[in-house]
Amino acid sequence: MSADAATPGTPAPPRPMMVLIAGPYRSGTGDDPALMAANLERLEEAAWPVFAAGHVPVIGERVALPVLRSAGSTVFDPLAEQVLYPTAERLLQHCDAVLRLPGASRGADQDVAIVRERGLPVYHHVDELPVRGSTMAG
């Protein structure tokens, strides 16, 4: 367990946490769309366990990519730098924690730095998240 994460026996928060799932998206892909899609799929695979623990999973790319498309742009255009990281930064103003998945990623490392500055927890495995009662209860 990471030094940032909750210790075993830590009480669950009184309300669901909004948890940003951070990990590689474009990093290490050489801009290969298939590898980027595989990275996005890995981010999405963490969503159910976060939800099942009673929290709200958020993936920054799933918010930023439609913004880029609606601007007529893609992740390969210069505009992406002005959308991807700022979207995550804006989302983190509403998040209660980050789940940092393995793999080199400048953006995910920035997400971790932002939440640490705010004194919020960084989890490195879904099993570290505090569980809030029934997985289907609101």
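Going by the structure above, here's the rest.
Residues numbered from 1 in each chain as written. Predicted model: local features only at pLDDT ≥ 70, side-chain atom pairs only at ≥ 80, totals over all residues. Heavy atoms only, no water.

Trainee: I'm lost on the sheet that holds strand S4 (residues 122-123) in this one. Help?
Mentor: Pairing between the strands of a sheet is mediated by backbone hydrogen bonds and can be parallel or antiparallel. Within the open sheet, the four strands sit side by side as S2-S1-S3-S4. Their pairing is parallel. With one partner strand each, in any of the chains shown, strand S2 (56-58) and S4 form the two edges of the open sheet. In this sheet, strand S3 (residues 97-100) lies alongside strand S1 (residues 18-22) in parallel orientation, the contact comprising four bridges. Bridge pairing in S3 links Ile 21 to Leu 99. (Pairing = 2+ DSSP bridges. Helix = DSSP H or I, 4+ residues; strand = E, 2+ residues; numbered from the N terminus.)

Trainee: Mind showing me how you'd approach the packing of helix H1 (residues 33-45) against helix H3 (residues 60-70) here?
Mentor: Packed helix pairs are specified by the crossing angle of their axes together with the interaxial distance, meaning the distance between the axes. Orientation of H1 relative to H3, taken along the N-to-C sense of each, is 130°, at an axis distance of 10 Å. For the element pair H1 / H3, the angle class is oblique. Within the contact between the two elements, H1 uses Leu 40, Leu 43 and Glu 44 and H3 uses Glu 61, Arg 62 and Leu 65. Here the residues of the contact of H1 with H3 sort into three nonpolar, no polar and three charged. (Axes fitted to C-alpha atoms, helices over the stretch in contact; angles between N-to-C directions. Parallel < 35°, antiparallel > 145°, perpendicular 65-115°, else oblique. Contact = heavy atoms within 4.5 Å. Nonpolar A, V, L, I, M, F, W, Y, C, P; charged D, E, K, R; others polar.)

Trainee: What is the right way to read the layout of surface pockets from this model?
Mentor: Rolled over the atoms, a probe sized like a water molecule indicates the empty space that remains. There is about 310 Å³ of room inside the largest pocket. Looking at the largest pocket, it is lined by 19 residues, and the ones nearest its centre are Tyr 25, Glu 61, Leu 84, Tyr 85 and Gly 107. At the level of elements, S1, H3, helix H4 (79-92) and helix H5 (106-117) are the ones that each hand at least two residues to the lining of the largest pocket. Taken together, the residues that form the lining of the largest pocket break down as nine nonpolar, five polar and five charged. (1 Å grid on protein atoms, 1.4 Å probe; cavity = no way out; pocket = protein on both sides within 12 Å on 5 of 7 lines; lining within 4 Å. Points joined across faces, edges and corners; volume = space filled by probe spheres on them.)

Trainee: Is there a simple way to explain H5 in this structure?
Mentor: Residues lying three or four places apart along an α-helix face the same way, a consequence of the helix completing one turn every 3.6 residues. With twelve residues, H5 extends 17 Å between its outermost C-alpha atoms, agreeing within 8% with the 16 Å of an ideal straight helix rising 1.5 Å per residue. Turning to H5, its buried residues are Gly 107, Ala 108, Asp 111, Val 112 and Val 115. In an axial view of H5, the angular spread of the buried residues amounts to 145°, which keeps them on one side of the axis. Against S1, H4, S3 and S4 lie the buried residues of H5. Following H5 by one or two positions, Gly 119 adopts a phi angle in the positive range, close to 75°. (Expected span 1.5 Å × (residues − 1). Buried < 20%, exposed > 50% of the residue type's maximum accessible area, 1.4 Å probe, protein only. Arc of directions from axis to C-beta.)

Trainee: Which parts of the structure should I look at to understand the packing of aromatic side chains?
Mentor: Between two aromatic rings, the relevant description is the distance of the centres plus the angle of the planes. Counting across every chain of the model gives one aromatic pair. Look at Trp 48 and Phe 51: their rings are 5.6 Å apart centre to centre, the planes differ by 35°, and that puts the pair in the tilted class. With Trp 48 and Phe 51 both in helix H2 (residues 47-52) and three residues apart, the pair spans about one turn of that helix. Residue classification places Phe 51 among the partly exposed residues on the basis of a relative accessible area of 39%. (Phe/Tyr/Trp six-rings, centres within 6.5 Å; stacked < 30°, edge-to-face > 60°.)

Trainee: Would you mind showing me how to read the pairing of S3 here?
Mentor: The side chains of a regular strand alternate between the sheet's two faces. Neither face of S3 is left uncovered, since the one carrying Ala 97 and Leu 99 and the one carrying Val 98 and Arg 100 both have all their residues buried. In terms of strand pairing, S3 meets S4 through two bridges, oriented parallel. Residue Val 98 lies in a different strand from S4, and its bridge partner there is Val 122. Between S3 and its parallel partner S4, the chain crosses via H5, and the hand of that crossover is right-handed. (Right-handed = clockwise from strand over helix to strand, strands pointing away.)

Trainee: Before we go on, may I ask you to explain the pattern of salt bridges in this structure?
Mentor: Side chains that differ in charge, positive against negative, can pair when their charged atoms come close. All told, the structure shown has five salt bridges when counted by the stated rule. Its salt-bridge partner being Asp 31, residue Arg 26 comes within 2.5 Å of it at the nearest N-O pair. Residue classification places Arg 26 among the partly exposed residues on the basis of a relative accessible area of 27%. A salt bridge links Glu 81 to Arg 106; the shortest N-O distance between them is 3.3 Å. Within this pair, whereas Glu 81 is found in helix H4, its partner Arg 106 is found in helix H5, the two being separated by 25 residues in sequence. (Salt bridge = Lys/Arg side-chain N within 4 Å of Asp/Glu carboxyl O.)

In short, the description is geometric, and any link to function would need to be established separately.
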